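# Observations on the three-dimensional arrangement
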Amino acid sequence: HRSFKLMRAHPKTLMVLILSGLGAALFEGGTMGILGLAVSVLIDEGNVLTGKIGEALSVVFEVFDGSISKGGMFLLLVGIAVIAQIIKSVMLYISNASEIYLSIELDRGFQRHVTDTIMSMSYSTVVSYPSGTMASFIEQSQCAKEVLALVASVSRAALMFLTYGA
């Protein structure tokens, strides 16, 4: 419960984490589509483009029709796919960096909360706990980082799954 409350205290970082994961998933899916298109151009399957994106790309192909060979178009599309993978890697880096930042902030918040709670206790309350128990309370705040890592990993995995499924 407190983990999510602390995460909500950093909405911009949380949005960067989610949006960069979404961007990485979109560029990953786009790369697969571009590579499929490149192969279809190379083996001359004709116009395999459908939908609004297909219509827009068909116009682009008509502009280049005849001026670029099949091999040249294949290499152009593979180059675009490589650039998309570079952008995907940058997005994943941003996602991981925001996860690390958020993890540090959550860890600080938890340790601050636990330490403040212990320090506000009376001496008689503190000594009623067995030796080392208070220190273990502070160390248990590490689970906040695990919750964040789980949320980040699940969100990235779900977005990648949706991208490959679409």
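Scroll up to find the structure this text is about.
Read on for a plain summary of the structure. (Residues numbered from 1 in each chain as written. Predicted model: local features only at pLDDT ≥ 70, side-chain atom pairs only at ≥ 80, totals over all residues. Heavy atoms only, no water.)

## Details of the overall build of the chain
The test is simple: Counting from the N terminus, the helices are DSSP H or I runs at least four residues long and the strands are E runs at least two residues long. We call two residues contacting when some pair of their heavy atoms lies within 4.5 Å. To measure how exposed things are, a 1.4 Å probe is used in the Shrake-Rupley method; for residues, cover is taken only from the protein chains shown.
Counting its regular elements, the chain contains 7 helices and 0 strands. Of the regular secondary structure in the chain, the N- to C-terminal order runs α-α-α-α-α-α-α. Restricting the contact set of the chain to residue pairs at least 6 apart, pairs at least 24 apart contribute 82%. Summed over all atoms, the accessible surface of the chain reaches about 10500 Å², with 68% contributed by carbon and sulfur.

## Topic: the environment of Arg156
Spelled out, the test is: For every residue, the accessible area (1.4 Å probe, protein chains only) is compared with the maximum for its type, and the residue is labelled buried under 20%, exposed over 50%, or partly exposed between those bounds.
By secondary structure assignment, the location of Arg156 is in helix H7 (residues 143-165). Judged by its relative accessible area of 16%, Arg156 falls in the buried class. Not counting residues within four places of it along the chain, the set of residues in contact with Arg156 comprises Leu17, Gly21, Leu92, Ser95, Asn96 and Glu99.

## Structural notes on helix H2 (residues 11-42)
What counts here: By this rule, a helix spans an expected 1.5 Å times one less than how many residues it contains.
Over its 32 residues, H2 extends 46 Å from the first C-alpha to the last, a length consistent with the 46 Å expected when each residue adds 1.5 Å. Remark: Asp44 follows H2 within two positions and exhibits a positive phi of approximately 55°.

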